[in-house]
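Here is how the chains run, residue by residue.
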Amino acid sequence: MSIKQALISVSDKAGIVDLARSLHHAGVNIISTGGTAKLLQAENIPVTEISDYTGFPEMLDGRVKTLHPKVHAGILARDDLPEHKSALRKAGITDIELVVVNLYPFSQTIAKDDCTLASAIENIDIGGPTMVRAAAKNYRKVTVITDPSDYPVLLNEMALNNGTVSTANRFRFAQKAFSHTAAYDSVISNYLTAINDDESRNDFPTTLNLNFTIVEPLRYGENPHQKAAFYRDLFVVPGGLANYHQVQGKALSYNNIADTDAAWECVKSFENPACVIVKHANPCGVAVADDILTAYQHALATDSISAFGGIIAFNRSLDAETATAILKQFVEVIIAPEITDEAKILLAQKNNIRVLTLPLKQASHQYDLKRIGGGLLVQTPDSHCLSRTDFKVVTQKKPSKQQMDDLLFAWRVAKFVKSNTIVFCHNNQTLGIGAGQMSRVDSAKIATIKAQQAGFDLAGSVVASDAFFPFRDGLDVVIQAGAMAVIQPGGSIRDDEVIAAADEQSVAMVFTGVRHFRH
């Protein structure tokens, strides 16, 4: 069925004038509402206002305008049922074959610092979602457009097919329309169910609705017998990995994406040129230097064996010299804010390497999520950033300025390592990392062994522990290995015992008052 009549009512007016003018030139009668109608009239585009079409005036400050049988019967009538056609003729109602609607800006409204509940309520669209759902339900007759980026697609198809839209595209537009209203209602629900009777807000809604759109199916999940897909948040998170651009290489796997996210979040936490190498979700080498080549070399030196087949992340543009060095090892993924043209040419020699770019911005996820059987664990992100003024020196020996720098670096790395975590560092470089052990003593032993295997002398190094030492035994291990300063949260019932152990061995220790469990 060719499009003869369209109903246009949009809050986001981007591109709507050009669309309406093209529809008019194609002989389509346009019905419109409120501000949209005024805009089109101002552009000399013939339009029938909704009240003139229905014969009923808009009322209640615009709350009731499209909620009328003449509108919804024209949208919902099935073209394949004679009784529906007959009912329209008897009522003097004409078909509406195109609905172009997007909704009141609820998300933008509640994002304002001065938004009140009353203001939010007034920006809950009623007529818009009703028209969208009606049109999407009747997609076999009606084309529904909710996304301005689809205007050119619509016009192109109408031009090629004598004013008609294929059933396949009508169905695709309907799918987007239902997703559009579902996401809209989700935002409203999340907002309203987090508000108390006195209009104060809770950190979490009583009903949490999540909306993601598929990016691509993946070959498999963590293991080949598992199916998997990659989804992106409907609302763009600047700097979030989901918005990467792939420069070259094979398709990313499930594990590639998860590990690259771990590397990217860690490397973004450093201000100076940094390199992070991740294997199986844990950093196996991290370094900060004057340039990224040196940072890469120092990060690789921490554990070159584990770095085999790892993920390498930089917080600076990847240059040709560093790319040349990387090509000497086997790497799965490289990610950086930018890649120079010279580096791209070099990396293309190994076209299986996945090379990604992503603007260096701090992501602002609202929640961290973890699925459990039959439920979901939800928390705010671990965005705590320690400063020098947060340190509390608890030992007789005070850390030197160099040790303070190293402690801060070690603490930042420990935040991104699976618990239990022990990290040896010196001169802005990791020396040994013990990750994910059930016992903190074992993590300390593993970190020591890793450093020794890499050929590092741990004398004079510093150590970070993501949580407190429950006993002195873990601390004794790192001190015996050569550590001279330790950073840890504190808070154990045996803190006095642990502090005494440090004092006995003339080791400096600082408490942060904050832990960084990572499970």
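Look above for the structure.
Treat the numbers as computed from the prediction; the structure is a model and nothing was measured. Residue positions are given per chain, counted from 1 along the sequence in the order it is written. The predicted origin of the model limits local features to residues at a pLDDT of at least 70 and limits the giving and counting of side-chain atom pairs to 80 or more, whereas totals for whole chains, interfaces and linings rest on all residues. Note that the side-chain values use all heavy atoms of the structure and ignore hydrogens as well as water.

**A short note on the sheet that holds strand S4 (residues 98-102)**
Reasoning step 1: Pairs of strands are assigned from DSSP output, requiring at least two bridges between the strands. Only runs of H or I of at least four residues qualify as helices and only runs of E of at least two qualify as strands under DSSP, and these elements are numbered from the N terminus. Across the sheet, five strands lie side by side as S3-S2-S1-S4-S5; this open sheet has parallel pairing. Each having just a single partner strand, strand S3 (48-49) and strand S5 (143-145) make up the two edges of the open sheet.
Reasoning step 2: Judged from the two bridges that link them, strand S2 (residues 29-32) and S3 form a sheet pairing that is parallel. Bridged to Ile-31 within S3 is Thr-48.

**A short note on the packing of aromatic side chains**
Reasoning step 1: Working definition: a ring pair exists when centres of Phe, Tyr or Trp rings (six-membered ring for Trp) sit within 6.5 Å. Plane angles under 30 degrees give stacked, over 60 give edge-to-face, the rest tilted. By the definition in use, this model includes eight aromatic pairs.
Reasoning step 2: Arranged with centres 6.5 Å apart and planes meeting at 70 degrees, the rings of Phe-106 and Tyr-184 form a pair that is edge-to-face. Within this pair, whereas Phe-106 is found in helix H6 (residues 106-110), its partner Tyr-184 is found in helix H10 (residues 167-192), the two being separated by 78 residues in sequence.
Reasoning step 3: Buried, partly exposed and exposed residues are distinguished by accessible area as a fraction of the type maximum, computed with a 1.4 Å probe on protein chains only: under 20%, between the cut-offs, and over 50%, respectively. Using a relative accessible area of 1% as the deciding quantity, one classes Phe-106 as buried.
Reasoning step 4: Take Tyr-184: its relative accessible area is 10%, and that puts it in the buried class.
Reasoning step 5: Ring centres 5.0 Å apart and planes at 50 degrees place the aromatic pair Phe-308 and Phe-330 in the tilted group.

**Remarks on the pattern of salt bridges**
Reasoning step 1: We define a salt bridge as a side-chain nitrogen of Lys or Arg found within 4 Å of a carboxyl oxygen belonging to Asp or Glu. Per the counting criterion, the structure on display carries 16 salt bridges.
Reasoning step 2: Lys-141 is the partner of Asp-95 in a salt bridge, and the nearest nitrogen-oxygen pair spans 2.8 Å. Highlighted residues: Asp-95 in the loop between helix H5 (82-91) and S4 and Lys-141 in the loop between helix H8 (127-137) and S5, separated in sequence by 46 residues.
Reasoning step 3: On the basis of relative accessibility, which here comes to 25%, the residue Asp-95 falls in the partly exposed class.
Reasoning step 4: With a closest N to O distance of 3.0 Å, Asp-303 and Lys-450 form a salt bridge. Linking Asp-303 in the loop between helix H12 (292-302) and strand S11 (310-314) with Lys-450 in helix H16 (residues 440-453), this pair joins segments that are 147 residues apart in sequence.
Reasoning step 5: Asp-303 sits in the buried class, given a relative accessible area of 12%.
Reasoning step 6: A single network of salt bridges, built from pairs that share partners, joins Asp-147, Asp-150, Arg-172 and Lys-176.

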